[in-house]
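In case you want the letters, here they are:
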Amino acid sequence: MAELPSPRLAVAMAVALALLVLLAADAAVPVKNPLLNICMDAKHHKHKPGPEGKLHDQCSPWKDNACCTANTSSEAHKDQSNLYNFNWNHCGVMPPKCKRHFIQDTCLYECSPNLGPWIDQVDSSWRRERILHVPLCKEDCEEWWKDCKDALTCKENWHKGWNWATGTNRCPWGSMCRPFSEVFPRPKDLCEKIWSNSYKYSPEHRGSGRCIQMWFDPAQGNPNVAVARYYAWEKTCSPAQGEKAAPERDQAARALPWSALALLPLALVLLPEVAGGCGIPRMGVPVAAL
Ligand SMILES: *[C@@H]1O[C@H](CO)[C@@H](O)[C@H](O)[C@H]1NC(C)=O
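Here's what I pulled together on the structure shown here. For clarity, every value in this text was computed on a predicted model and none was experimentally measured.

Conventions used here
Residues numbered from 1 in each chain as written. Predicted model: local features only at pLDDT ≥ 70, side-chain atom pairs only at ≥ 80, totals over all residues. Heavy atoms only, no water. Axes fitted to C-alpha atoms, helices over the stretch in contact; angles between N-to-C directions. Helix = DSSP H or I, 4+ residues; strand = E, 2+ residues; numbered from the N terminus. Left-handed = near helix turned anticlockwise from the far one by under 90°. Contact = heavy atoms within 4.5 Å. Nonpolar A, V, L, I, M, F, W, Y, C, P; charged D, E, K, R; others polar. Buried < 20%, exposed > 50% of the residue type's maximum accessible area, 1.4 Å probe, protein only. Salt bridge = Lys/Arg side-chain N within 4 Å of Asp/Glu carboxyl O. Near = heavy atom within 4 Å. Polar contact = N/O pair within 3.5 Å; in protein donor to acceptor, adjacent residues only side chain to side chain. Areas by Shrake-Rupley, 256 points an atom, 1.4 Å probe, with all protein chains shown as cover. Expected span 1.5 Å × (residues − 1). Arc of directions from axis to C-beta. Disulfide = S-S within 2.5 Å. Phe/Tyr/Trp six-rings, centres within 6.5 Å; stacked < 30°, edge-to-face > 60°. Lys NZ or Arg CZ within 6 Å of the ring centre and 35° of its normal.

**Points about the packing of helix 3 (residues 96-111) against helix 4 (residues 138-148)**
Then, in step 1: Contact pair helix 3 / helix 4: the axes reach a minimum separation of 7 Å and the direction vectors enclose 145°. Two packed elements cross with a definite hand, and for helix 3 against helix 4 that hand is left-handed. Contacts between helix 3 and helix 4 pair Lys97, Cys98, Arg100, His101, Phe102 and Asp105 from the former with Glu143, Trp144, Asp147 and Cys148 from the latter.
Then, in step 2: When the residues that make up the contact of helix 3 with helix 4 are grouped by side-chain class, the tally is four nonpolar, one polar and five charged.

Here you go:
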């Protein structure tokens, strides 16, 4: 005659069943990575991204989902905009072919909801967050440099060190206006140094899904959505997990005590975005652990 399970086993089975039910419910909810589809907490950004009926000229590619308002997008195209009172013409008039890259840079900064993986906290009087090391596509950086190489400037880092005495930025005493090609010898120097490492020069090409595009054709959708998703995944998962070679990882798994493995389902329930973002098979692992 078959015996009834012992009370301890019965409790264990009930707990296991409850966990399975919780996991099943959890798996039905789409995973949301907190680094995706967000606006930074800075001077002009909207609280949350959303559609804008119309965005001005070069900012219009972002109109379906933007962190900027129509007003900000218009201001981004002005020489002396009320956004930052920043003067592009501090060494004579900036040629239009060069200026359009600065306008595009402003549109990306103000409007993009895909910079989440590179948002960094700052202690500044005028913003709480900035972007750091956004991997700018090789071509975007090189074209920016090529179209600006003959324009003039007196500074390498445009974030700091200006003379603001008149309310707009002017060259500090003792600085000289020189061609961009002298101040920024390579495209990488321009893209990385001008905004104190907001950008990182990426060796990846436009369309690779591995670098952020300042310029894109909205007819094919916003290519930066997929780029943000890729890097958000990388950053959410522990670096050790992403970078370790497979044999090492297997060894680490074997070294895990079974008691820790038994807690895995609970961890998966409590940390859905981590588990989901890192591609752990949600139902497979817990079932094996039970
Ligand atoms: C944007 O809004 C500011 C403040 O309300 C206003 O002064 C400015 O003229 C507006 N700019 C545009 C282009 O509408």
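**What to know about the environment of isoleucine 194**
Then, in step 1: Tracing the chain through its elements places isoleucine 194 in the loop between helix 6 (187-193) and strand 6 (199-201).
Then, in step 2: Accessibility expressed as a relative area gives 0% for isoleucine 194, which makes it buried.
Then, in step 3: Residues isoleucine 194 and lysine 155, spaced 39 residues apart in sequence, show a C-alpha to C-alpha distance of 8.3 Å.
Then, in step 4: In contact with isoleucine 194, not counting residues within four places along its chain, are Phe102, Trp144, Glu156, Asn157, Trp158, His159, Phe184 and Asp189.

**Here we look at the pattern of salt bridges**
Then, in step 1: Under the defined criterion, the tally for this structure stands at 14 salt bridges.
Then, in step 2: Across the salt bridge formed by aspartate 150 and lysine 149, the nearest N and O atoms sit 3.7 Å from each other.
Then, in step 3: Residue class for aspartate 150 comes out exposed when judged on its relative accessible area of 59%.
Then, in step 4: Here the residues in one salt-bridge network are Glu156, Arg186, Asp189 and Lys193, joined through shared partners.

**A few points about the site of the ligand**
Then, in step 1: Around the ligand sit Asn71, Ser74, Glu75, Lys78 and Asn82, and those are all the residues in its vicinity.
Then, in step 2: Between asparagine 71 and the ligand, the recorded distance is 2.3 Å, taken from a side-chain N or O atom to an oxygen atom.
Then, in step 3: Glutamate 75 is positioned such that a nitrogen or oxygen atom in its side chain is 2.7 Å from a nitrogen atom of the ligand.
Then, in step 4: Bound to the protein, the ligand loses 37% of the 360 Å² it would expose on its own.
Then, in step 5: Residue composition of the shell around the ligand, by class: no nonpolar, three polar and two charged.

**Some thoughts on helix 7 (residues 224-236)**
Then, in step 1: A rise of 1.5 Å per residue sets the reference length of helix 7, with its 13 residues, at 18 Å; its end C-alpha atoms lie 18 Å apart and thus fit the reference within 8%.
Then, in step 2: What helix 7 keeps buried is the set Asn224, Val227, Ala228, Tyr231 and Ala232. End-on, the buried residues of helix 7 take up no more than an arc of 130°, which puts them together on one face.
Then, in step 3: Considering only its buried residues, helix 7 is in contact with helix 3 and strand 3 (134-136).

**Quick notes on the state of the cysteines**
Then, in step 1: Summed over the entire model, instances satisfying the criterion amount to eight disulfides.
Then, in step 2: Two residues, cysteine 39 and cysteine 67, share a disulfide whose sulfurs are 2.1 Å apart. Taking the sign of the S-S torsion, about -95° here, the bridge from cysteine 39 to cysteine 67 comes out left-handed. One end of the pair, cysteine 39, is in the loop between helix 1 (7-27) and helix 2 (70-75); the other, cysteine 67, is in the loop between helix 1 and helix 2, with 28 residues separating them in the sequence.
Then, in step 3: Take cysteine 39: its relative accessible area is 11%, and that puts it in the buried class.
Then, in step 4: Disulfide pairing places cysteine 137 opposite cysteine 211 at an S-S distance of 2.1 Å. Between cysteine 137 and cysteine 211 the disulfide shows an S-S torsion of about 95°. By sign, it is right-handed. Linking cysteine 137 in the loop between strand 3 and helix 4 with cysteine 211 in the loop between strand 6 and helix 7, this pair joins segments that are 74 residues apart in sequence. Neither residue differs from the other here; cysteine 137 and cysteine 211 are each classed as buried.

**A look at the packing of aromatic side chains**
Then, in step 1: With the rule as written, the count across this model stands at 18 aromatic pairs.
Then, in step 2: Measuring from centroid to centroid gives 6.3 Å for phenylalanine 102 and phenylalanine 180, while their planes differ by 80°, and the two rings are edge-to-face. A residue pair is termed long-range when its members are at least 10 positions apart, and phenylalanine 102 in helix 3 and phenylalanine 180 in helix 5 (residues 180-183) qualify at 78 residues.
Then, in step 3: In this structure phenylalanine 180 comes out as buried when scored by relative accessible area, which is 0%.
Then, in step 4: A connected cluster of aromatic rings, assembled from ring pairs, spans Phe86, Trp88, Phe102, Trp144, Trp158, Trp162, Phe180, Phe184, Trp195 and Tyr199.
Then, in step 5: We note lysine 155 situated over the ring of tryptophan 162; from NZ or CZ to the ring centre the distance is 5.6 Å.
Then, in step 6: The ring of tyrosine 230 has arginine 210 lying over it, and the distance from NZ or CZ to the ring centre is 3.6 Å.

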